[in-house]
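Summary of structural features
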Amino acid sequence: MFTLLPFHIFFNYRKGKTPRRPPPKKPSNNQKDPVGVYCRVRPLGAEDGECCVEVISSTTIQLHAPDGLKANRNGEFKETQYSFKKVFGIKTTQCELFEDVAKPLADDLIHGKNGLLFTYGVTGSGKTYTMTGSPGQGGLLPRSLDMIFNSIGPFQAKRFVFKPDDKNGMEVQNQVDALLERQKRESQQSVPKTPSSRQRVDPEFADMINPDEACKADDVDEDSSYSVFVSYIEIYNNYIYDLLEEAPMDLIKPKPPQSKILREDQNHNMYVAGCTEVEVKSTEEAFEVFWRGQKKRRIANTQLNRESSRSHSVFIIKLAQAPLDADGDNVLQDKNQVNVSQLCLVDLAGSERTSRTRAEGSRLREAGNINQSLMTLRTCIEVLRENQMCGTNKMVPYRDSKVTHLFKNYFDGEGKVRMVVCVNPKTDDYEETMLVMRFAEMTQEVEVARPVDRPICGFAAGRRQRNQAFKEELSRRLEERGGPVDGEPPAALNQLLQSFPPLPASELSDPNDDHTIPRLIEALEKRHRIRQMVTEDYNKAANMLKSMLQDLDGNLMSKENFIQDQRGRLGEKDKMIQNQKNEIDRLEKKSKMLEYKIDILQKTTNIYEEDKRALQHELESRDHRLQREVSEKKRMEVRMHGLVTDEKLRWQKECERRVNAKELEMQNKLWVKDEKLKQLKAIVTESKTDSRPDQPQRPSREKDRVPAKRSASPSPVPAPVWPLPQALRPAPLSLSTSSMSVASCISEWEQRVPQTDRQGSPSPPHGRSRAQGPPSSLSRRRGRCWARDCEVPVQPADVGLEEVGYRTGPPVRPMHRRSHSAGAERWVDHKPSTNVELDTVMQPSVANAIKVSAPSEKALAKCDKYMLTHQEMASDGEIQTKLIKGEVFKTRGGGQSVQFTDIETLKQENPLGPSRKRTSSETGPNQEECKDGSWTDVET
Ligand code: ADP
Ligand code: MG
């Protein structure tokens, strides 16, 4: 009976008793999504010429290098393909694009999440068309606004309930303040009222969106109250200008607009300090504000001679939402419960290089800056990508430009980031487009933290609906109370009335009727008492119910808090799980890496082992060789040792034999002398006995002896065989054969000196021959020496014709020997001009000689003897003069030939060199001192 009414009353009077709970912490998030990059190709313009872009699939486009351009200039192929999340061809409508690209962002905004959407491309590629659109073909911006208002329209808070706090936060004003502000605004009438229909809007943007295409977000939280704020800024030359600032524009003498600065709020979000935020209540109003900004921008650009394609325009849609109070009637007066999300729509400046627009002067500087900001955007994306892909922690240079600094939250914090790359397919743009494509492809590799779901506030859901239902019911009841429709009392009232005692008849027929009125009074008093009782009952019941409900509410609240706690814990657990998953991923990656490394190391080890084996093999073979060589060497040593000992023995024997021979010879000499002495004695005694002067008799043996004649042909008698090397063998006549008697030997020796002296042959006359007086011991000795050596046939290697050996017969001379009488020989005296003049007594001088300094055939033809005086420096510093003598023969061919027969060696101290002091020890067996001191030795 009393069920419905008390509820309403209860809820109506429950204001201000909402249990508070601390604002939920933003749960941190580990999930990331890549930046969504979409590509839109606009249709070719009428005078755009050829097309260089082809959409080959829903995700890939292909660029064709125009013919004029070198295909492989940068190692690029003639065709390059680029893939994106989605590619939109020329026929794509604005609505289709919105569905895919901006709708999810608008949806996120409504659900309390941030989003960033920007268009990128060369000037004229359709960025502004994509973002703003044209009448009838509204772009992403009006469509987003439309969707937002379609979704939150009925749940919007009254104007000025939400109020920006100028620090990027949002406050909730109480009803009264909000009302006062509303009244103030209306009185000022500075802001036009929200148009009630699309028809009243500026025709420039009235038909941006076809009503059929209107869309709405799902699952809008109806228990929240919303408010939309928009701001519109322009970044030009790295300065931020507020396009919605109310400062009156002086059209005649424009003041340069004041630039704004960027600040960071307490949540580390970037915002433009002091930027106008206009609260808008409908798409039309929002778009009108946007249009106002556009107009202002256009005017400023014209007045300041700026190019709009060189500036970035940023339109920010901020959505404030706060839960309704428990009654579902008003916004909860709690700043902490206000959630602000924002969608940033950016129409970037043209990405082309400066040269393209042939900017000059200050324009160039602007262009430079703009390009610089796009370059910074590029660098930021690159660094982000590198950090994310390589796990590095390089600083991202957001602060280098205003645009990137403003975007910092999105890349560093959380939110959805989407980019539409616009492409004009004309060939003129080919190179620029290629750069755009590369940047766009790279951007896709950057990941941004996924925005988390907004925590649900602690109130029961469906408050708004209940409140509405209550209000409807109330108004219905009030209507009912307003009076019976057909004179009939409402049924409930009837019931209540029936529970009262019936009223007595109250008709007064008699003026003196004293009963009817007191009876009526009594009855009414009774009714009044009943009514009071009923009211009391009702109040009691209501209070009971109220307390019961309060208990229930309290229970519910604690349960909800509990659930919230559990949720928090669940979130933490989730976070932990996520962390662990990440850790596992990391470890897996690491283990894979290590496996790979192990693999490589294994391979390297194998290679090294193979190397080692090969080297060992080589070492072994070398060892082998070495051993072989060592053993060879040893064998050689042994052999050499044997040879040396053999040779030693042989020489010992030889020396002994020579000593014996010498001894024998000496004995023989002694014996001869003795014999002579005996003979002398005999003669003396004979003369004493026989005074006849007679010639001394020689022993018969001596007489019989054929005197050894000096002959060109030595005796064929075999020489005593001495085991001497060929060079050391004595001349055939130098020593007697074993068959000769010692006496004959001696006589031959005695005869020889005078004979040779007389004949003057074979040696030419020289200093010695001129020496007067009897032969001294020196000359004797020399003679002896000569006798031993002179017969050795000298055979110079280059002139000798036949081998002349003492054992062989005389040399067979095919040449004719020049006939000459003895003593009438003619000599060629060949003295090379390089010879040193020696001032010595013992000068070789030849009579009847033709002196030449170089051998000449003419001279040789006239002569039959040849002598070369050859000087050379001996090792001991002396000048060695060699007299090389020979006989001249006529050859069969008619030329001349010389056969050398003799070499005389003369040594003299170098007259040019330092004087030499000799010590006795230096005097060797062949270096006997000469009396004149000039010649140290003479050898023939
Ligand atoms: P941007 O902003 O990149 O410099 P705009 O958006 O101003 O380029 O586009 C240049 C011209 O091309 C405009 O006249 C626009 O109407 C037209 N245009 C761009 N994209 C399209 C498209 N997808 N369909 C039809 N016309 C387009
Ligand atoms: Mg543009």
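Just so you know, these numbers come straight off a predicted model, no measurement behind them.

Taken together, Arg40, Arg42, Pro43, Val122, Thr123, Gly124, Ser125, Gly126, Lys127, Thr128 and Tyr129 make up the full set of residues adjacent to ligand 1. Gly124 is positioned with one of its backbone polar atoms (N or O) 2.6 Å from an oxygen atom of ligand 1. Relative to its free-state accessible area of 550 Å², ligand 1 is covered by the protein chains to the extent of 66%. When grouped by side-chain class, the residues that make up the shell around ligand 1 number 3 nonpolar, 5 polar and 3 charged.

Attention now goes to the environment of Phe315. Relative to the assigned elements, Phe315 resides in strand β18 (residues 312-323). When its relative accessible area of 1% is taken as the criterion, Phe315 is described as buried. The sequence separation of Phe315 and Ile233 amounts to 82 residues, and the corresponding C-alpha distance is 6.5 Å.

Turning to empty space enclosed by the protein, a few remarks are in order. If you roll a probe as big as a water molecule over the atoms, it shows you where there is empty space left. Applying the stated criterion across every chain yields a total of 8 cavities of 30 Å³ or more. The space that makes up the largest cavity amounts to roughly 190 Å³. Asn168, Tyr271, Val272, Glu277 and Lys318 are, among the 17 residues lining the largest cavity, the residues nearest its centre. Within the residue set of the lining of the largest cavity, elements represented by two or more residues are β16 (270-272), β18, β19 (339-347) and α10 (402-412). Partitioning the lining of the largest cavity into residue classes produces 8 nonpolar, 5 polar and 4 charged.

This model, assessed by the stated rule, comprises 10 aromatic pairs. Plain terms: the ring middles of Tyr120 and Phe439 are 4.6 Å apart, the flat faces sit at 40° to each other, and that makes the pair tilted. With Tyr120 in strand β7 (residues 115-121) and Phe439 in helix α11 (residues 430-443), the pair connects residues that are 319 residues apart, well separated along the chain. According to the relative accessible area criterion, Tyr120 is buried, its value standing at 5%. Judged by relative accessible area, Phe439 falls into the buried class, the value being 0%. On the numbers, 4.8 Å between centres and 35° between planes, the contact of Tyr232 with Phe290 is tilted. Of this pair, Tyr232 sits in strand β12 (residues 224-236) while Phe290 sits in helix α8 (residues 283-303), and the two are 58 residues apart along the sequence. The exposure class assigned to Phe290 is buried, which follows from its relative accessible area of 2%. Among the aromatic residues, ring-to-ring pairing joins Tyr232, Phe287, Phe290, Trp291 and Phe315 into one connected group. In this structure, Arg306 packs its charged tip against the face of Tyr236, placed 4.2 Å from the ring centre.

It is worth spelling out a nonpolar patch on the surface at this point. Nonpolar side chains collect at one region of the surface, where Leu677, Leu680, Ile683 and Val684 lie side by side and expose about 350 Å² of accessible area between them. Position of Leu677 among the secondary structure elements: in helix α14 (residues 516-689).

Right, let's get into the pattern of salt bridges. Here the idea is simple: oppositely charged side chains can pair when their charged atoms come close. Counting across every chain of the model gives 26 salt bridges. Where Glu213 meets Arg143, a salt bridge forms, and the shortest distance between an N and an O atom there is 2.8 Å. On the criterion of sequence distance, the pair formed by Glu213 in the loop between α7 (203-206) and β12 and Arg143 in helix α5 (residues 140-152) is long-range, its members being 70 residues apart. By relative accessible area, Arg143 is classed as buried at 5%. In this structure, the salt-bridge partner of Arg476 is Glu473, at a minimum N-O distance of 2.4 Å. Here Glu473 and Arg476 lie together in helix α12 (residues 463-481), a separation of 3 residues that amounts to about one turn. On the accessibility criterion, Arg476 (39% relative accessible area) is partly exposed. Here the residues in one salt-bridge network are Glu234, Arg297 and Arg306, joined through shared partners.

Attention now moves to α11. Taking 1.5 Å per residue as the helical rise, α11 with its 14 residues ought to reach 20 Å, and the 20 Å between its terminal C-alpha atoms agrees with that figure. Summarising burial for α11: 10 of the 14 residues are buried, a large majority. The set of residues buried in α11 consists of Tyr430, Glu432, Thr433, Met434, Val436, Met437, Phe439, Ala440, Met442 and Thr443.

So, about the side chain of Thr92. Tracing the backbone shows Thr92 in the loop between β6 (86-88) and α2 (94-101). The exposure class of Thr92 is buried, given its relative accessible area of 14%. Within the local environment of Thr92, its side chain forms a polar contact with the backbone oxygen of Gly89, the two atoms lying 2.7 Å apart.

For a regular strand, side-chain orientation follows a simple rule: the groups alternate between the two sheet faces. Burial analysis of β12 places 13 of its 13 residues in the buried class, which makes it a mostly covered element. Neither face of β12 is open: one carries Ser224, Tyr226, Val228, Val230, Tyr232, Glu234 and Tyr236, the other Ser225, Ser227, Phe229, Ser231, Ile233 and Ile235, and all of them are buried. Two elements, β12 and β18, share 12 bridges in a ladder whose sense is antiparallel. Paired with Val228 across the two strands is Leu319, which belongs to β18. As paired elements, β12 and strand β17 (residues 278-280) share 3 bridges and run antiparallel to each other.

Their axes nearest at 9 Å, the elements α5 and α8 cross at an angle of 150°. Between α5 and α8, the angle falls in the class roughly antiparallel. When the axes of α5 and α8 are compared, the crossing they make is right-handed. Here α5 contributes Leu141, Pro142, Leu145, Asp146 and Phe149 to the contact with α8, which in turn contributes Thr283, Ala286, Phe287 and Phe290. In the contact of α5 with α8, the residues fall into 7 nonpolar, 1 polar and 1 charged.

Take the packing of α2 against α5 next. Contact geometry for α2 and α5: axes closest at 10 Å, N-to-C directions at 65°. Relative to α5, α2 is oriented so that their crossing is right-handed. Taken together, the residues of α5 that come into contact with α2 (itself represented by Gln94, Cys95, Leu97, Phe98 and Val101) are Leu140, Arg143, Ser144 and Met147. Class assignment of the residues belonging to the contact of α2 with α5 gives a composition of 6 nonpolar, 2 polar and 1 charged.

Let's shift gears to unusual backbone geometry. Not every positive phi belongs to a glycine, and Asp166 is a case in point at roughly 65°. As for its placement among the helices and strands, Asp166 is situated in the loop between β10 (162-164) and β11 (170-172). Residue classification places Asp166 among the exposed positions, given a relative accessible area of 60%. Phi is positive for Asn305, close to 55°, though the residue is something other than glycine.

Another point: the state of the cysteines. One pass over the structure, following the stated rule, counts 0 disulfides. The cysteine Cys215 is free of any disulfide, with Cys95 supplying the nearest cysteine sulfur at 7.2 Å. When its relative accessible area of 13% is taken as the criterion, Cys215 is described as buried.

Reading the values: rules and limits
- Residues numbered from 1 in each chain as written.
- Chains lettered and ligands numbered in written order.
- Predicted model: local features only at pLDDT ≥ 70, side-chain atom pairs only at ≥ 80, totals over all residues.
- Heavy atoms only, no water.
- Near = heavy atom within 4 Å.
- Polar contact = N/O pair within 3.5 Å; in protein donor to acceptor, adjacent residues only side chain to side chain.
- Areas by Shrake-Rupley, 256 points an atom, 1.4 Å probe, with all protein chains shown as cover.
- Nonpolar A, V, L, I, M, F, W, Y, C, P; charged D, E, K, R; others polar.
- Helix = DSSP H or I, 4+ residues; strand = E, 2+ residues; numbered from the N terminus.
- Buried < 20%, exposed > 50% of the residue type's maximum accessible area, 1.4 Å probe, protein only.
- 1 Å grid on protein atoms, 1.4 Å probe; cavity = no way out; pocket = protein on both sides within 12 Å on 5 of 7 lines; lining within 4 Å.
- Points joined across faces, edges and corners; volume = space filled by probe spheres on them.
- Phe/Tyr/Trp six-rings, centres within 6.5 Å; stacked < 30°, edge-to-face > 60°.
- Lys NZ or Arg CZ within 6 Å of the ring centre and 35° of its normal.
- Patch = residues over 30% accessible without salt bridge, like charges linked within 9 Å, V, L, I, M, F, W, Y side chains within 5 Å.
- Salt bridge = Lys/Arg side-chain N within 4 Å of Asp/Glu carboxyl O.
- Expected span 1.5 Å × (residues − 1).
- Pairing = 2+ DSSP bridges.
- Axes fitted to C-alpha atoms, helices over the stretch in contact; angles between N-to-C directions.
- Parallel < 35°, antiparallel > 145°, perpendicular 65-115°, else oblique.
- Left-handed = near helix turned anticlockwise from the far one by under 90°.
- Contact = heavy atoms within 4.5 Å.
- Disulfide = S-S within 2.5 Å.

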